[in-house]
Amino acid sequence: MATHKILIVEDDEFLRSLTAKRLEKEGYELAIAADGESAVSVAQDEKPSLILLDLLLPIMNGFDALEKMRQIESLKSVPVVVFSNLGQKEDIERAKGLGANDFLIKANFTLDDVIEKVKSYLPL
Amino acid sequence: MNQVEQFKLTYNLRFVLSRWFYICVGIIFIIGVDYLNLTKTDLHFWRGDDLLILFFSSAILNFIFLFLVQYVEFKTDVFFGRLLAWGQILADFLLVSIIISFVSSSVAVAPVLLLLPIIETAILLGVFETLFVSIFSSFALIFILTNFLTQMDLSILGQFSPFALVYLFFALVFNYHFESINNLNFFTKKQIKKDVSTTKTEQLEWVRKYGTKMEENNRRLYAKELELRIAKEELESLDKAKSKFISVTAHQMRTPLSGIKWTFNMMLSGQLGEINEEQAKFLKQGEVGVGQLITILNSLLEIDKIESKKLAEFKLDEVNIVNLIEDVIKEFDNQIESKKILLEFNKPTINLPTIQADPGKIRVVLENLIDNAIKYTPIGGRVEVVVNDDKLNSANQMIEVFVRDSGIGIPYIEQKKVFGKFFRASNAVGTEPDGSGVGLFITKDIIENHKGSLWFESKAGQGTTFHFTLPIRQA
């Protein structure tokens, strides 16, 4: 099984460490970014197989980061799962319009759900 | 011009017209008496020329009066009306005096003619004028009969002085009768005194007084409006601040709560090391507690969103309901696909008229109903949206839409509470954890604001059908 690298973009340290722990347990390689701007550069350097993207981020928010990533050739087809606590209809539509593949609301899902979602995008 | 003035003007005209008649009668009278005198005394004053002059001067005067009556009516000039009345009285007085002066010595009935101007005055003018004219007539009578005080014959004075009394008496009697006309004036005046005053100065004062009052009221209204507008703006900004506070706080709280939820979840599933049964029990309770907190936050957010939408005014437009439904159904493509649900839309074959409604609000209604139907229908189930035009030809033209699902249904004992705020059916909580129970509350609110109605039929385990009607016109 080829190991997939997943980029976690999350500014909250607690949530980030939990997510990282859970994904590590599943055997994924990880890359970490804590703000929108570094998310774009890290994504370019690390070339992850999937990006878990928060929306409320310092420096550059998730929407803008997503828009930037989709403009970069190498990141155009990387699946992006938005994982945020924003969850109004407008937010979901906006994110999908910018090229997000999926939208999960943190409070309404567990990390097990995230793993399931990630697996559905990454072939074993 | 009030009723009394109008009445007097009418009489002015009648006096002018009747004058044609008694000019002729007077002249025939003179000729007749003159003829009698002629045979007796060989003395006659009147020749045809004099009579013609009398006739033509009276006729010209009459034409002038006729013109003046038209003028007064056209200008509605009360002062001129009085002047005209005086003119007529004077003219008749002279006419009658001339007749008397030549015939009276032999015909005792001649002084009766002087009653004519007295009656005229009583009708056209007031009591004082009538008394004045009657006294004047008495003197004039003596004056004429004594041949301008040259023939002071006591027998003549004795013969005619009672006429002075008769004139006074008639003046009073006529006035008594015609006073009712002035009473009419008084009556109408009294009736409208509060609103309209007769004299120009009074009217002006009235206009000025009410003008100032209205101006003042206008100013007050404007001040009130300004006050209200400011209050409304304040309320709106307060409401916005409240919304922002709720939204920010809820989102801030959701972040750590998510972390706690996941931690409980990971510990429970043994991913962070083995746990014993007691630990698992408490962790489970902790997880449920966090779940409840998150639900409360979700409701808070949803209600706030709905309340702020509720504040927004209804913007009526012409809505093509079929197009709108087709639009809304497209939004659910992903959901239908992932749940393998068959979503059917049955529309009438005829073209429906557009309905007057707020398209944004009706969209919310459709989204809520279809979303509920999909949410509570198991995988592989069926949802049907139908537009029914049966009620299009009734007195209150309306369109009915219903959304039928093959879902879990609403338990009978809970059916009364369906439209309450925060209602969630006991069997819904397990199926769809992410619901706040305000969707139907707001849906019903929207439909009722459109003067439509919303109802449902449901059997637990078999499915639910939600119906709503919307009138074609809002008026």
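## Observations regarding the overall build of chain A
Here is step 1 of the chain: If you tally the helices and strands in chain A, you get 5 helices and 5 strands.
Here is step 2 of the chain: Ordering the α and β elements of chain A from the N terminus gives β-α-β-α-β-α-β-α-β-α.

## Some points on the overall build of chain B
Here is step 1 of the chain: Within chain B, the regular secondary structure consists of 13 helices and 7 strands.
Here is step 2 of the chain: Residue burial in chain B is summarised as follows: out of 475 residues, 27% are buried.
Here is step 3 of the chain: Long-range contacts, defined as pairs at least 24 residues apart, comprise 68% of the intrachain contacts of chain B with a sequence gap of at least 6.

## So, helix α11 (residues 359-375) of chain B
Here is step 1 of the chain: Here α11(B) spans 24 Å end to end across 17 residues, near enough to the 24 Å set by a 1.5 Å rise per residue.
Here is step 2 of the chain: The set of residues buried in α11(B) consists of B:K361, B:I362, B:V365, B:L366, B:N368, B:L369, B:I370, B:N372, B:A373 and B:I374.

## Points about the nonpolar core
Here is step 1 of the chain: Formed by 35 residues in total, the largest nonpolar core has its most connected members in A:V9 and A:L53.
Here is step 2 of the chain: Only β1 (5-9), α1 (13-25), α2 (36-46), β3 (50-53), α3 (62-71), β4 (80-84) and α5 (111-121) of chain A together with α7 (200-268) of chain B provide two or more residues apiece to this core.
Here is step 3 of the chain: Not counting residues within four places of it along the chain, the set of residues in contact with A:V9 comprises A:A33, A:A39, A:I51, A:L52, A:L53, A:D54 and A:L57.
Here is step 4 of the chain: Residues B:V72, B:V96, B:I100 and B:F178 belong to the second largest nonpolar core, which totals 32 residues.

## Considerations on the sheet that holds strand β6 (residues 453-459) of chain B
Residue and element names in this part refer to chain B.
Here is step 1 of the chain: Strands sit in the order β2-β4-β5-β7-β6 across an open sheet of 5 strands; the sheet is mixed. Each having just a single partner strand, β2 (342-346) and β6 make up the two edges of the open sheet. Each adjacent strand pair in this sheet contributes to an overall mean axis angle of 10°, direction not counted.

## Here's the deal with the interface of chain B and chain A
One widely used convention gives an interface's size as the accessible area the parts lose upon coming together.
Here is step 1 of the chain: Each partner contributes to the interface: chain B provides 16 residues, whereas chain A provides 15 residues.
Here is step 2 of the chain: When contributions to the side of chain B that touches chain A are tallied by element, the ones reaching two or more residues are α7 and α8 (277-311) of chain B.
Here is step 3 of the chain: Of the residues forming the side of chain B that touches chain A, the biggest block, 12 residues, is contributed by α7(B).
Here is step 4 of the chain: A per-class count over the side of chain B that touches chain A returns 5 nonpolar, 7 polar and 4 charged.

## Some thoughts on the pairing of strand β7 (residues 463-471) of chain B
Consecutive side chains of a regular strand alternate in pointing toward one face of the sheet and then the other.
Residues and elements named next belong to chain B.
Here is step 1 of the chain: Where strand β5 (residues 398-405) meets β7, 7 bridges bridge the pair, whose relative direction is antiparallel. Along β7, the bridge assignment pairs V403 with F466.
Here is step 2 of the chain: Note: β6 against β7, 7 bridges, orientation antiparallel. Residue pairing across strands places F456 opposite F466, the latter belonging to β7.

## Re the pairing of β3(A)
All names here are of chain A.
Here is step 1 of the chain: Burial of the side chains of β3 extends over both faces: L50 and L52 are buried on one face and I51 and L53 on the other.
Here is step 2 of the chain: Where β1 and β3 come together, 4 bridges link them in parallel fashion. Of the residues in β3, the one forming a bridge with V9 is L53.
Here is step 3 of the chain: You can see the chain leave β3, run along α3 and come back into β4, and the turn it takes is right-handed.

## A closer look at the packing of α2(A) against α3(A)
All names here are of chain A.
Here is step 1 of the chain: Running from N to C, α2 and α3 point in directions that differ by 25°, and their axes come no closer than 8 Å. Accordingly, the angle class assigned to the pair α2 and α3 is roughly parallel. Seen from above, α2 lies across α3 with right-handed handedness. Contacts between α2 and α3 involve G36, A39, V40 and A43 on the former and, on the latter, G62, D64, A65, K68 and M69.
Here is step 2 of the chain: When grouped by side-chain class, the residues that make up the contact of α2 with α3 number 5 nonpolar, 2 polar and 2 charged.

## Some words on the sheet that holds β4(A)
Residues and elements named next belong to chain A.
Here is step 1 of the chain: Taken in spatial order, the 5 strands line up as β2-β1-β3-β4-β5 in an open sheet, and their pairing is parallel. A single partner strand is all that each edge strand has here, and the edge strands are β2 (29-33) and β5 (102-105). Put simply, the sheet's adjacent strands are angled 20° from each other on average, direction ignored.
Here is step 2 of the chain: Sheet topology note: the β4/β5 ladder contains 4 bridges and is parallel. If you follow F83 over to β5, its bridge partner there is L104.
Here is step 3 of the chain: Those strands touched by α1 are β1, β2 and β3, and its axis lies near 165° from that of β2.

## Some details on the confidence of the model for chain B
Interpretation of this model should avoid reading the predicted coordinates in detail wherever pLDDT is low.
Here is step 1 of the chain: Scored by pLDDT, chain B has a mean of 80; 83% of the residues are at 70 or more.
Here is step 2 of the chain: Predicted as a complex, the structure gets a pTM of 0.44 and an ipTM equal to 0.83.

## So, the environment of B:D405
Residues and elements named next belong to chain B.
Here is step 1 of the chain: Positionally, D405 belongs in strand β5.
Here is step 2 of the chain: Its 28 C-beta neighbours within 10 Å are what place D405 among the buried residues.
Here is step 3 of the chain: C-alpha of D405 to C-alpha of L369: the two residues are 36 residues apart in sequence and 9.9 Å apart in space.
Here is step 4 of the chain: Not counting the four nearest positions on each side in its chain, D405 is found in contact with A373, Y376, T377, G381, V383, G463 and T464.

## Section: unusual backbone geometry
Here is step 1 of the chain: Even without being a glycine, A:I59 presents a positive backbone phi close to 65°.
Here is step 2 of the chain: Position of A:I59 relative to the elements: it lies in the loop between β3 and α3.

## What about the packing of α11(B) against helix α13 (residues 439-449) of chain B?
Residues and elements named next belong to chain B.
Here is step 1 of the chain: The N-to-C vectors of α11 and α13 enclose an angle of 145°; their axes lie 9 Å apart at closest approach. Crossing geometry of α11 relative to α13 is assigned as left-handed. Here K361, V364, V365, N368, L369 and N372 of α11 lie close against α13, whose contacting residues are G439, L440, T443, I446 and I447.

## Let's talk about helix α4 (residues 115-124) of chain B
Here is step 1 of the chain: With 7 of its 10 residues buried, α4(B) lies for the most part within the structure.
Here is step 2 of the chain: All of the buried residues in α4(B) are B:P117, B:I118, B:E120, B:T121, B:A122, B:I123 and B:L124.

Each value, and the rule that gives it
Residues numbered from 1 in each chain as written. Chains lettered and ligands numbered in written order. Predicted model: local features only at pLDDT ≥ 70, side-chain atom pairs only at ≥ 80, totals over all residues. Helix = DSSP H or I, 4+ residues; strand = E, 2+ residues; numbered from the N terminus. Buried ≥ 20, exposed ≤ 12 C-beta atoms within 10 Å, placed from the backbone. Contact = placed C-beta atoms within 7 Å. Expected span 1.5 Å × (residues − 1). Core = buried A, V, L, I, M, F, W, Y, C linked by C-beta atoms within 7 Å. Pairing = 2+ DSSP bridges. Axes fitted to C-alpha atoms, helices over the stretch in contact; angles between N-to-C directions. Nonpolar A, V, L, I, M, F, W, Y, C, P; charged D, E, K, R; others polar. Right-handed = clockwise from strand over helix to strand, strands pointing away. Parallel < 35°, antiparallel > 145°, perpendicular 65-115°, else oblique. Left-handed = near helix turned anticlockwise from the far one by under 90°. pLDDT = per-residue confidence, 0-100.

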